[in-house]
Amino acid sequence: MAGKISSFADDAARTRVLAAYDRAMAHWPQPRGERDVETRFGTTRVYSYGTGDGIPVVLLHGQSATPAEWAPHVAALAEGRTVLAVDRVGEPGYSTQTAPITTQDDTAAWLEEVLAGLGLERAHLVGHSYGGWVALNQAVRFPGRVVSVSAYDPPRALAPLRAGFVLGAIAGLLPGGENFQRRWITRLVGGTGVAAEVEEDQTELTLEAIRGHRVRLLPPPSMSDEELRSLKTPALIMLGAESAVHDARRAEARASALMPDVRTEIVPGAGHGIPVELLNSRVPAFVREVEQDLAGQA
């Protein structure tokens, strides 16, 4: 059981990772709220910002990225609504995993308990990378609270991983590869338009997380044709044209062919990192569009 639960390598690693986490989270706008939600899989830390009558937006970060990666996006997403960024159990942060998460159903059950614990009857899910897969998986397995899904470059959800990405990820875990890790992450993320200081703190956090935390979460499985066809929730799929993770055109074609209510966008020149200007304009517009449709149906 213990071998299936994520953990820090040791107390010193925990101290280093959380110090980097705190530096990266300092770029969030203020006032920033935080609370812990109990689930059967462990305690989940959730950060919040903003107020308003709009349906809340729930942010789901990429692996080893933490809610700090949303710092450049929170204010734009919080216009007229609350934004809630979930620190997944099993990731290097302030959440604490107590039970294994080994299946798609486990992943969805955890997030359903978090949304219920937050008192959210409805929510827009916005996810990047692994978090994009989590959002799509949620809309398939527990769609009741999910009003819309916006996913940027969700790995394996729509297309296989590139061999070069897999080899690079494995090489980055080898001891003594700090310089390689930094170069690989920089190439993977690509240009996003984020401020240099924010980018550096986020990169340092990811590097400390890779070195000091053992992730024992479910690797994102491919989503079947049947699962994608069942996804009735309005969805926005954004893909980096130069993503090293997968073939963006193949992913876009599959989403367009199978998902009943989807908008797709391949972003020229973009890699796996979220282009700030794109997400800060495209996602709020999509969220408003979905809410207008809901109002028209009422």
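Every chain begins its residue count from 1, and numbering advances along the sequence as written. Side-chain atom pairs in this predicted model are given and counted only at pLDDT of 80 or more, local residue features only at pLDDT of at least 70, and totals for whole chains, interfaces and linings cover all residues. Note that water and hydrogens are dropped before the side-chain values are worked out from all heavy atoms of the structure.

**Quick word on the overall build of the protein**
Line of reasoning, step 1. To qualify as a helix, a DSSP run of H or I must reach at least 4 residues; to qualify as a strand, a run of E must reach at least 2; elements of each kind are numbered from the N terminus. Scanning the protein for helices and strands turns up 10 helices and 11 strands.
Line of reasoning, step 2. Since a compact globule built from 298 residues should have a radius of gyration of about 19 Å, the 18 Å found for the protein is in line with a globular shape.
Line of reasoning, step 3. With the C-alpha coordinates of the protein rotated into their principal frame, the extents come out at 55 × 40 × 40 Å.
Line of reasoning, step 4. We call a residue buried when its accessible area falls under 20% of the maximum for its residue type, exposed when it is over 50%, and partly exposed in between, using a 1.4 Å probe and counting protein chains only. Per-residue burial over the protein gives 56% buried out of 298 residues.
Line of reasoning, step 5. We call two residues in contact when some of their heavy atoms are within 4.5 Å. Long-range pairs, those at least 24 residues apart, make up 79% of the contacts in the protein between residues at least 6 apart in sequence.
Line of reasoning, step 6. Each accessible area value is a Shrake-Rupley result obtained with a 1.4 Å probe; residue values ignore everything except the protein chains displayed when judging cover. Approximately 12,500 Å² of the protein is accessible, and the part contributed by carbon and sulfur atoms is 51%.
Line of reasoning, step 7. Under the convention used here, Asp and Glu are negative, Lys and Arg are positive, and both His and the chain ends fall outside the count. Here the site of a charge means atom NZ of a Lys, CZ of an Arg, CG of an Asp or CD of a Glu. Side-chain charges in the protein split into 29 positive and 36 negative, and the spacing between the mean points of these groups amounts to 4 Å. Each radius of gyration reported is based on C-alpha atoms, and the globular scaling rule is 2.2 Å times the count of residues to the power 0.38.

**Some words on helix α10 (residues 276–297)**
For an α-helix the count is 3.6 residues per turn, leaving residues at separations of three or four pointing the same way.
Line of reasoning, step 1. The first and last C-alpha atoms of α10 sit 32 Å apart over 22 residues, in line with the 32 Å expected at 1.5 Å per residue.
Line of reasoning, step 2. Residues of α10 that are buried include every one of Val-276, Leu-278, Leu-279, Val-283, Pro-284, Phe-286, Val-287, Val-290 and Glu-291, and no others. In a helix, the anticipated span is given by 1.5 Å times the number of residues less one.

**A word on the layout of surface pockets**
Line of reasoning, step 1. Think of a 1 Å grid over just the protein atoms. A cavity is a set of points where a 1.4 Å probe fits yet cannot get out, a pocket is an open set with protein on both sides within 12 Å along at least five of seven lines, and lining residues have an atom within 4 Å of a point. Grid points are joined across faces, edges and corners, and a volume is the space filled by probe spheres set on the points. Taken as a whole, the largest pocket encloses approximately 1,300 Å³ of empty space.
Line of reasoning, step 2. Lining the largest pocket are 47 residues; nearest its centre among them are Gln-63, Ser-64, Ser-129, Trp-184 and Leu-188.
Line of reasoning, step 3. Elements that contribute at least two residues to the lining of the largest pocket include exactly α5 (163–171), α6 (178–189), α7 (196–212) and β9 (213–214).
Line of reasoning, step 4. By residue number, the principal contributor to the lining of the largest pocket is α7, which donates seven residues.
Line of reasoning, step 5. Throughout, the ten residues Ala, Val, Leu, Ile, Met, Phe, Trp, Tyr, Cys and Pro are labelled nonpolar, Asp, Glu, Lys and Arg are labelled charged, and all others, Gly among them, are labelled polar. When the residues that make up the lining of the largest pocket are grouped by side-chain class, the tally is 27 nonpolar, 16 polar and four charged.

**Structural notes on the packing of aromatic side chains**
Line of reasoning, step 1. Two rings belonging to Phe, Tyr or Trp (six-membered ring only in the last case) form a pair when the distance between their centres is within 6.5 Å. Interplanar angles under 30 degrees mark stacking, angles over 60 mark edge-to-face geometry, and anything in between is tilted. A full pass over the atoms with the stated rule returns five aromatic pairs.
Line of reasoning, step 2. Note on Tyr-21 and Tyr-94: the rings are 5.2 Å apart at their centroids and 85° apart in plane angle, and the pair reads as edge-to-face. With a gap of 73 residues between them, Tyr-21 in helix α1 (residues 11–25) and Tyr-94 in the loop between β5 (83–87) and β6 (96–97) connect regions that are remote in the sequence.
Line of reasoning, step 3. Aromatic side chains Tyr-130 and Trp-133 sit 5.8 Å apart centroid to centroid with 75° between the ring planes, which places their arrangement in the edge-to-face category.

**Remarks on the pattern of salt bridges**
Line of reasoning, step 1. A pairing counts as a salt bridge when a side-chain nitrogen of Lys or Arg comes within 4 Å of a carboxyl oxygen of Asp or Glu. Per the counting criterion, the structure on display carries 16 salt bridges.
Line of reasoning, step 2. The partner of Arg-45 in a salt bridge is Asp-36, with the nearest N and O atoms 2.5 Å apart.
Line of reasoning, step 3. Since its relative accessible area comes to 13%, Arg-45 is described here as buried.
Line of reasoning, step 4. On the accessibility criterion, Asp-36 (38% relative accessible area) is partly exposed.
Line of reasoning, step 5. Salt bridges sharing common partners tie together Arg-32, Glu-34, Asp-36 and Arg-45.

**Looking at the nonpolar core**
Line of reasoning, step 1. In this structure, Val-58, Leu-136 and Met-259 are the most contacted members of the largest nonpolar core, which totals 45 residues.
Line of reasoning, step 2. Counting only elements with at least two residues in this core, the list comes to β4 (57–60), β5, α3 (104–117), β7 (123–128), α4 (130–141), β8 (146–152), β10 (235–240) and α9 (248–258).
Line of reasoning, step 3. In terms of residue count, α4 provides more of this core than any other element does, seven residues in total.
Line of reasoning, step 4. Among the nonpolar cores identified, the runner-up in size contains 36 residues, and Ala-24, Met-25, Trp-70 and Val-147 belong to it. What makes a nonpolar core is a set of buried Ala, Val, Leu, Ile, Met, Phe, Trp, Tyr and Cys residues whose side-chain atoms join them at distances within 4.5 Å.

**Concerning empty space enclosed by the protein**
To find the voids left in a structure, one rolls a probe of water-molecule size over its atoms.
Line of reasoning, step 1. Scanning all chains against the criterion turns up one cavity of 30 Å³ or more.
Line of reasoning, step 2. As for the largest cavity, its lining consists of Arg-88, Val-89, Ile-101, Thr-107, Trp-110, Tyr-130 and Leu-217.
Line of reasoning, step 3. Partitioning the lining of the largest cavity into residue classes produces five nonpolar, one polar and one charged.

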